[in-house]
Amino acid sequence: MEFSKYVFDKRFSPEKNLISVSGALVSLHCHHFNCGLLKAIEELKGIDGLTLFVKTTEEVYRHFFSDYLKQHPELTTPADKLQAASEMYYAFGFGKLNLSNLNEQGGTAKATSSYYVTAWLAKYGRRHTPVCYFTCGFIAGVLESVFTKPIGSYKVKETKCLITGSDFCEFEVKAI
Amino acid sequence: MAIDVKKIISVYSIGELPRDNKGIIGVFGIYAAYNYNEFYYRIVSKTLTQASKEEAEKVENQLYQAVLDCAYYTFHGARTSMLWREIVEPMVETPEDEVHALVAFTNVFGIGYLEVVELVPGEKLVTRVYNAYDPGRYLEEYGPQPHGRCYMFRACTASYMDLVYGPPFPNGMGTFKCKEVKCRSMGDKYCEFVATKNQDE
């Protein structure tokens, strides 16, 4: 993957143990924690934990990807912005996600590798339901940033997942 | 030889992390990814505030266990790596040195700067962090909290003791337990963690 065009300015402060990417604080976490967190939320009783997980991811990426776009006015077309989102996803370590078939109305996104699939397999083994809830929220959040729409403007459903035996993960995206 | 904290942080914080051909970061026997600190804060705080008291307690225990797994395996992976043998091991003369080295190593992940306040060999470890992300956000959004919110540092502090003074890997996890005795989310100036032997073990 070519990174020359899109800049994710990562800085580390050794005196404070803080990492920022394009000015926003990030941290590095392993599959034991990331999958443990998802599992705890998936098993919640009394509230819909997975919806909360997806919506929160959407809110966070709606916010931070909008900030990123403000810092990069050279990204003018939706195609460029979506490619930047794909490369941010890769740079963070979440895998390879193709957003090029999406537009303001939605469409289909495809991932040929997925952190959550690899991580879940390593931690808990195979499962028979999709696991890429993070990616669903990510896609909704970045689309809302790209097309300047409010939270809740897109519904994203993972229709195929590597963890259930598909050759790739597929996400159906609809504007609401 | 004393542990050169600055050197450990410098060595482990430079360069890009290795990835497989799918772009997944794999290092020290774990799969890692970056995410916004705000992501973790929001997911966990919303869960804890929306769930019933019983469910919230269960989630906090699950998160502590998830980080304990994370820390125990990640730190063990690090201390058995070639880089550790080359750079860190020559500084380590005692088990206490190893605790200090592991705490230093923790200070490259972007979660706030952790320091050792007190170490009683084989018995007790007290650590402190002034700039953890979550407690400030809890205070800002929900006001003073009834108990500490730093499950991440709590589990890390227990894991150092588990690895250094517990039974040999992989049988030492849970040998120590850890309490957060001060937290900025409760109005304290810093967050402080005390790990002692787990009497249930």
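These lines cover the structure that appears in this document, whether it is placed above or below. The structure displayed is predicted, hence computed values, not measured ones. (Residues numbered from 1 in each chain as written. Chains lettered and ligands numbered in written order. Predicted model: local features only at pLDDT ≥ 70, side-chain atom pairs only at ≥ 80, totals over all residues. Heavy atoms only, no water.)

What about helix H5 (residues 133-146) of chain A?
Residues and elements named next belong to chain A.
Here comes step 1: For H5, with 14 residues, the first-to-last C-alpha span of 20 Å sits near the 20 Å given by 1.5 Å per residue.
Here comes step 2: Counting buried residues in H5 gives 14 out of 14 residues, a clear majority hidden from the surface.
Here comes step 3: After H5 finishes, the residue Thr 148 shows a positive phi value of roughly 50°. (Helix = DSSP H or I, 4+ residues; strand = E, 2+ residues; numbered from the N terminus. Expected span 1.5 Å × (residues − 1). Buried < 20%, exposed > 50% of the residue type's maximum accessible area, 1.4 Å probe, protein only.)

Some points on the nonpolar core
Here comes step 1: In terms of nonpolar packing, the biggest core is built from 127 residues, with Phe 33, Leu 99, Phe 138, Ile 139 and Phe 171 of chain A together with Tyr 36 of chain B touching the most fellow members.
Here comes step 2: Ranked by residue count, the leading element in this core is helix H3 (residues 53-79) of chain B, at twelve residues. (Core = buried A, V, L, I, M, F, W, Y, C linked by side-chain atoms within 4.5 Å.)

Concerning helix H3 (residues 78-92) of chain A
All names here are of chain A.
Here comes step 1: The end-to-end C-alpha distance of H3 is 21 Å, a good match for the 21 Å that 15 residues give at a rise of 1.5 Å each.
Here comes step 2: All of the buried residues in H3 are Asp 80, Lys 81, Leu 82, Ala 84, Ala 85, Ser 86, Glu 87, Met 88, Tyr 89, Tyr 90 and Phe 92.
Here comes step 3: One or two positions beyond H3, positive phi appears at Gly 93, with a value near 100°.

A look at the pairing of strand E1 (residues 10-13) of chain A
Residue and element names in this part refer to chain A.
Here comes step 1: Here E1 pairs with strand E2 (residues 18-21) via four bridges, running antiparallel. Considered in E2, the bridge of Arg 11 is made with Ser 20.
Here comes step 2: Taking the residues that link successive antiparallel strands as the turn, the E1-E2 hairpin has four residues, and the phi of Asn 17 there is positive, at about 50°. (Pairing = 2+ DSSP bridges.)

Some thoughts on the side chain of Ser 45 of chain B
Here comes step 1: Assignment of secondary structure puts Ser 45 of chain B in helix H2 (residues 37-50).
Here comes step 2: Overall, Ser 45 of chain B belongs to the buried group, its relative accessible area being 1%.

A word on the packing of helix H2 (residues 49-71) of chain A against H5 of chain A
The axes of two packed helices give the description: the angle between them and the distance between them.
Residue and element names in this part refer to chain A.
Here comes step 1: Here H2 crosses H5 at 40°, and the two axes come no closer than 7 Å. The angle between H2 and H5 falls in the class oblique. Once H2 is placed against H5, the crossing between them reads as right-handed. Facing Leu 50, Phe 53, Val 54, Thr 57, Glu 58, Tyr 61, Arg 62, Phe 65, Ser 66 and Leu 69 of H2, the residues of H5 in contact are Tyr 133, Phe 134, Cys 136, Gly 137, Phe 138, Ala 140, Gly 141, Val 142, Glu 144, Ser 145 and Val 146. (Axes fitted to C-alpha atoms, helices over the stretch in contact; angles between N-to-C directions. Parallel < 35°, antiparallel > 145°, perpendicular 65-115°, else oblique. Left-handed = near helix turned anticlockwise from the far one by under 90°. Contact = heavy atoms within 4.5 Å.)

Quick look at the side chain of Arg 137 of chain B
Residue and element names in this part refer to chain B.
Here comes step 1: By the element assignment, Arg 137 lies in helix H6 (residues 133-142).
Here comes step 2: Looking at Arg 137, the relative accessible area reads 15%, which means it is buried.
Here comes step 3: Engagement of the side chain of Arg 137 in a polar contact is seen with the side chain of Glu 38, the distance being 2.8 Å.
Here comes step 4: Ignoring any residue separated from it by four or fewer positions in sequence, one finds Arg 137 in contact with Glu 38, Tyr 41 and Tyr 142. (Polar contact = N/O pair within 3.5 Å; in protein donor to acceptor, adjacent residues only side chain to side chain.)

As for the sheet that holds strand E1 (residues 25-27) of chain B
The pairing of strands in a sheet happens through backbone hydrogen bonds and is either parallel or antiparallel.
Here comes step 1: In spatial order, the strands read E1(A)-E2(A)-E3(A)-E2(B)-E1(B); together these five strands make up an open sheet with antiparallel pairing. The sheet terminates laterally at E1 of chain A together with E1 of chain B, the two strands that pair on one side only. The mean inter-strand angle of the sheet, taken between neighbouring strand axes irrespective of direction, is 40°.

Looking at the sheet that holds strand E3 (residues 114-120) of chain B
Residues and elements named next belong to chain B.
Here comes step 1: Pairing is antiparallel in the open sheet, where four strands are placed in the order E3-E4-E6-E5. Looking at the sheet topology across the chains shown, the edges are occupied by E3 and strand E5 (176-182). Across the sheet, the axes of successive neighbouring strands diverge by a mean angle of 20°, strand direction being ignored.
Here comes step 2: Where E3 and strand E4 (residues 124-129) come together, six bridges link them in antiparallel fashion.

So, the interface of chain A and chain B
Here comes step 1: With 50 residues of chain A in contact, the opposing surface of chain B contributes 52 residues.
Here comes step 2: Taken over both partners, the interface formed by chain A and chain B buries close to 4800 Å², and the fraction arising from carbon and sulfur atoms is 65%.
Here comes step 3: Interface area lost by chain A to chain B is led by Asn 17, Leu 28 and Phe 33 of chain A, which between them contribute 15%.
Here comes step 4: Linking chain A with chain B are three salt bridges.
Here comes step 5: The shortest N-O distance in the salt bridge between Glu 59 of chain A and Arg 42 of chain B comes to 3.1 Å.
Here comes step 6: Seen at the junction of chain A and chain B, the total is 29 residue pairs in polar contact (both at pLDDT 80 or more).
Here comes step 7: Every element with two or more residues in the side of chain A that touches chain B is listed here: E1, E2, strand E3 (24-30), helix H1 (31-42), H2, H3 and helix H4 (115-123) of chain A.
Here comes step 8: Classifying every residue of the side of chain A that touches chain B gives 28 nonpolar, 14 polar and eight charged.
Here comes step 9: Of the pairings in the sheet, the one linking E3 of chain A to strand E2 (residues 30-36) of chain B comprises five bridges and is antiparallel in character. The partner of Val 26 of chain A across the bridge, within E2 of chain B, is Tyr 36 of chain B. (Buried area = accessible area lost by both parts, 1.4 Å probe. Salt bridge = Lys/Arg side-chain N within 4 Å of Asp/Glu carboxyl O. Nonpolar A, V, L, I, M, F, W, Y, C, P; charged D, E, K, R; others polar.)

Structural notes on the state of the cysteines
Residues and elements named next belong to chain B.
Here comes step 1: Scanning the model with the defined rule gives zero disulfides over all chains in all.
Here comes step 2: Of the cysteine sulfurs around Cys 183, a residue in no disulfide, the closest is that of Cys 150, at 3.9 Å.
Here comes step 3: We classify Cys 183 as buried; its relative accessible area is 0%. (Disulfide = S-S within 2.5 Å.)

Description of the pattern of salt bridges
Residues and elements named next belong to chain A.
Here comes step 1: Scanning the model with the defined rule gives 19 salt bridges over all chains in all.
Here comes step 2: Across the pair Asp 9 and Arg 11 runs a salt bridge, and its minimum N-O distance is 2.9 Å.
Here comes step 3: By relative accessible area, Asp 9 is classed as partly exposed at 31%.

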